[in-house]
There are 2 protein chains.
Amino acid sequence: MALTNTAGYAVYHAGPMQEWTQRHAVQHPIAGEIRGKKWLKDELQLTGCETSVGVLPPGAGTPFLHSHKQNEELYLFLTGSGEMLLDGESVAIEAGSMVRVEPPVVRAWRNTSDEVMYYLVIQAKAGSLEQWTRTDGVIHEGIPWGNESENN
Amino acid sequence: MALTNTAGYAVYHAGPMQEWTQRHAVQHPIAGEIRGKKWLKDELQLTGCETSVGVLPPGAGTPFLHSHKQNEELYLFLTGSGEMLLDGESVAIEAGSMVRVEPPVVRAWRNTSDEVMYYLVIQAKAGSLEQWTRTDGVIHEGIPWGNESENN
């Protein structure tokens, strides 16, 4: 499904989130088959972060606890609500909750709502970001779309 | 809105994507006010990646072209459809399209659909990821939720 992978960019179509459960699955050594999960690093040849999409049906939670060695994780919960366990502390999450977790923190999360929980997890080496946005971005001259289109 | 920012984790509630336009805005030196845009690094004290949420109404596109100095970007388009311009090449995007862009590639994107386009942009230093997922993750003993909940 990776459309393009040139020297400059790569594209992967993971499908709308409502289709992730049917489109994606991985085999996990403890959890067995995890429906809806897809890691993107290999598809996209990412070199700065690993990112995955994930799905938890109503009432479901991660069946194991994990931490990391050197990677900071960012959890982006798009829908549903529930909780994260972070070193044994319960933290409420809802649609739009974004959670940074340092490597050694032991974590799990679950969806206690009646909706499907769609979420993303990004992992990047803690401390690796040196500059960002306006210090790393470069604006170029030219108008990409002509006059028919504008941001608002 | 940052709920917690301890040594181990931080939480920010950005709201459900349907509320991003009303909740968030930034001032951009060229584009002026960009509704729906929110950078998360400062709120979450991210150290491995910068991440932002963004919104493009039907027919809207980024009004400028940009590239990066050292950061790889990952674009995650959650809804809507349209195109990215990547070094002048048009690449079709749809709900679920995920696009890795190397730092020097000049880019812009637009929503040509009738739906609102919600998306995320992650930037991390190109080449900084050393290990990931099963090489960086550590499974811990114990069951987080007891028997009432399981992943599927």
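So, about the relation of the copies chain A and chain B. Turning chain A through 180 degrees and shifting it by 0.0 Å along the axis lays it on chain B, with an RMSD of 0.0 Å. Here the symmetry operator amounts to a two-fold rotation axis. By C-alpha distance to the rotation axis, the residue of chain A lying nearest is S128(A), at 3.2 Å. Mapped onto chain B, 100% of the interface residues of chain A are again interface residues, and the two copies thus contact each other with one and the same surface.

Residues and elements named next belong to chain A. Per the stated rule, a full pass over the model turns up 14 salt bridges over all chains. E102 is the partner of R100 in a salt bridge, and the nearest nitrogen-oxygen pair spans 2.9 Å. By relative accessible area, which is 3% here, R100 ends up buried. The class of E102 is partly exposed, set by a relative accessible area of 25%.

Moving on, we get to the side chain of S67(A). Looking at where S67(A) falls in the secondary structure, it is placed in strand β7 (residues 65-68). In this structure S67(A) comes out as buried when scored by relative accessible area, which is 5%. Within the structure, the side chain of S67(A) is placed 2.7 Å from the side chain of H140(B), a separation counted as a polar contact.

Attention shifts here to the nonpolar core. Note that soluble globular proteins tend to have their nonpolar side chains buried in a common cluster. Ranked by size, the top nonpolar core spans 38 residues in total, and within it W20(A), M98(A), W20(B) and M98(B) carry the most contacts. Of all the elements in the fold, those that place two or more residues in this core are β2 (9-13), β6 (50-56), β8 (71-77) and β13 (117-125) of chain A together with β2 (9-13), β6 (50-56), β8 (71-77) and β13 (117-125) of chain B. Once you skip the residues sitting within four places of it in the chain, W20(A) turns out to touch A14(A), G15(A), G36(A), V53(A), G54(A), V55(A), L78(A), Y118(A), Y119(A), L120(A) and M98(B).

For the structure shown, the criterion picks out 10 aromatic pairs over all chains. Aromatic side chains W20(A) and Y118(A) sit 5.9 Å apart centroid to centroid with 85 degrees between the ring planes, which places their arrangement in the edge-to-face category. Residue W20(A) is found in helix α1 (residues 20-23), and its partner Y118(A) is found in strand β13; the two are separated by 98 residues along the sequence. One exposure class covers both W20(A) and Y118(A), and it is buried. Centroid distance Y75(B) to F77(B): 6.2 Å. Interplanar angle 10 degrees. Geometry classified as stacked. The residues Y75(B) and F77(B) share a single accessibility class, namely buried. Among the aromatic residues, those joined into a cluster by ring pairs are Y75(A), F77(A), W109(A) and Y119(A). Over the ring of W132(B) we find K41(A); its NZ or CZ atom is 3.7 Å from the centre of that ring.

Calculation criteria
Residues numbered from 1 in each chain as written. Chains lettered and ligands numbered in written order. Predicted model: local features only at pLDDT ≥ 70, side-chain atom pairs only at ≥ 80, totals over all residues. Heavy atoms only, no water. Least-squares fit on C-alpha atoms with pLDDT ≥ 70 in both. Contact = heavy atoms within 4.5 Å. Salt bridge = Lys/Arg side-chain N within 4 Å of Asp/Glu carboxyl O. Buried < 20%, exposed > 50% of the residue type's maximum accessible area, 1.4 Å probe, protein only. Helix = DSSP H or I, 4+ residues; strand = E, 2+ residues; numbered from the N terminus. Polar contact = N/O pair within 3.5 Å; in protein donor to acceptor, adjacent residues only side chain to side chain. Core = buried A, V, L, I, M, F, W, Y, C linked by side-chain atoms within 4.5 Å. Phe/Tyr/Trp six-rings, centres within 6.5 Å; stacked < 30°, edge-to-face > 60°. Lys NZ or Arg CZ within 6 Å of the ring centre and 35° of its normal.

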